[in-house]
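What follows is each chain in one-letter form.
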Amino acid sequence: MVEHYPVLHREILNFFKNIKGKYIIDATVGGGGHSYILLKELKDIHIIGIDKDDYALERANERLSPFKGRFSIYKSSFKDLDEIVREAGLSKVSGVLFDLGISMFQLKNRRGFSFLRDEPLDMRMDKSQMLTAYNIVNTFSKIELEKIIREFGEEKFAKKIASEIVERRKKKKIETTKELADIVYHVYPPSLRRKKIHPATKTFQAIRIAVNNELNEIKIGVNKGIDILEEGGIISVISFHSLEDRIVKNIYKERKRLKEVEILTKKPITPGTEELRENPPSRSAKLRVAKRI
Ligand SMILES: C[S@@+](CC[C@H](N)C(=O)[O-])C[C@H]1O[C@@H](n2cnc3c(N)ncnc32)[C@H](O)[C@@H]1O
């Protein structure tokens, strides 16, 4: 069964196919989908794959096994990708790829990311970290919860949702994704409950971002990705919501102002009709690419 389609893989391949050097960092190796295609199509490259999720690393190792000797896998956050590059004995690389967010197998694997299932509230990509969604929902103050839901979810009912969470948890701890999703659902006015997007979508996005410190790590990781590129090297970032995309866009803009990169995508590239048909969840993907100068 195909559980994760590498999003925008044709476009990614196109940008990487003319790189001069050998080393490409796949900063979010996940199930190894993009790396597999790059290793298959570009015979001279070596992939340095990074992920903070042990299960993803297992899958990547298995998926990429036909290319033994041409890839190395590291458990880490991509915010430390400069250290990984040093550990690999390199100073610069020719390409860096980020495919942000989580993959289908994380969503489907009882990791507490999904409001469509009833699972323990967890949402950690890295199971060895202490902070979970359960901690945030059950211990953070009303003000902290509201701030997270408003800033990371861009949710207009943030204040009400935070108040309701705090009321409910006085009676009983909020333990599962379904309990949290139901709270948000009932805060929404009835006329807005049955829209195409589930009312809990934004709240879940916000809590996931907070659990995994996602936006900070993206800022650090993408900047370091540009720092370690050799001249002519390519950085590609696929993002899945406006907060991520804005960060990437602003970093490229700033590094262009400093005459460090040329932006190769004036507008972000989005999936075409064929990809949308094959893989509907790719609909929110946006790809931005820059070249180190
Ligand atoms: C959308 S998936 C990548 C899928 C992959 N491109 C493929 O084709 O199989 C995103 C992956 O990035 C990982 N990830 C997200 N944030 C990370 C971070 N800060 N550091 C390392 N890995 C991260 C997640 O654990 C997940 O496996």
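Conventions and cut-offs
- Residues numbered from 1 in each chain as written.
- Predicted model: local features only at pLDDT ≥ 70, side-chain atom pairs only at ≥ 80, totals over all residues.
- Helix = DSSP H or I, 4+ residues; strand = E, 2+ residues; numbered from the N terminus.
- Rg over C-alpha atoms; globule rule 2.2 N^0.38 Å.
- Contact = placed C-beta atoms within 7 Å.
- Domains from an automatic or database assignment.
- Buried ≥ 20, exposed ≤ 12 C-beta atoms within 10 Å, placed from the backbone.
- Pairing = 2+ DSSP bridges.

**What to know about the overall build of the chain**
Alright, step 1. Scanning the chain for helices and strands turns up 14 helices and 7 strands.
Alright, step 2. For 293 residues, the compact-globule formula gives about 19 Å, and the C-alpha radius of gyration of the chain, at 20 Å, lands near that figure.
Alright, step 3. Here the C-alpha coordinates of the chain stretch approximately 60 × 40 × 40 Å along the principal axes.
Alright, step 4. Relative to all contacts within the chain whose residues are 6 or more apart in sequence, the contacts with residues 24 or more apart total 69%.

**Some remarks on the domain arrangement of the chain**
Alright, step 1. Annotation of the chain at the domain level lists domain 1 (9–105 + 215–292) and domain 2 (110–212).
Alright, step 2. On a C-alpha basis, the centroid separation for the pair domain 1 and domain 2 is 29 Å.
Alright, step 3. With 7 residues of domain 1 at the contact, the number on the domain 2 side is 7 residues.

**Overview of the pairing of strand β4 (residues 93–99)**
Alright, step 1. The buried fraction of β4 amounts to 7 of the 7 residues, a majority that puts the element mostly inside the structure.
Alright, step 2. Inspection of the sheet shows strand β1 (residues 23–26) paired to β4 by 3 bridges, in the parallel sense. Counterpart to Ile 25 in the pairing with β4 is Val 96.
Alright, step 3. In this sheet, strand β5 (residues 229–239) lies alongside β4 in parallel orientation, the contact comprising 6 bridges. Considered in β5, the bridge of Gly 95 is made with Ile 234.

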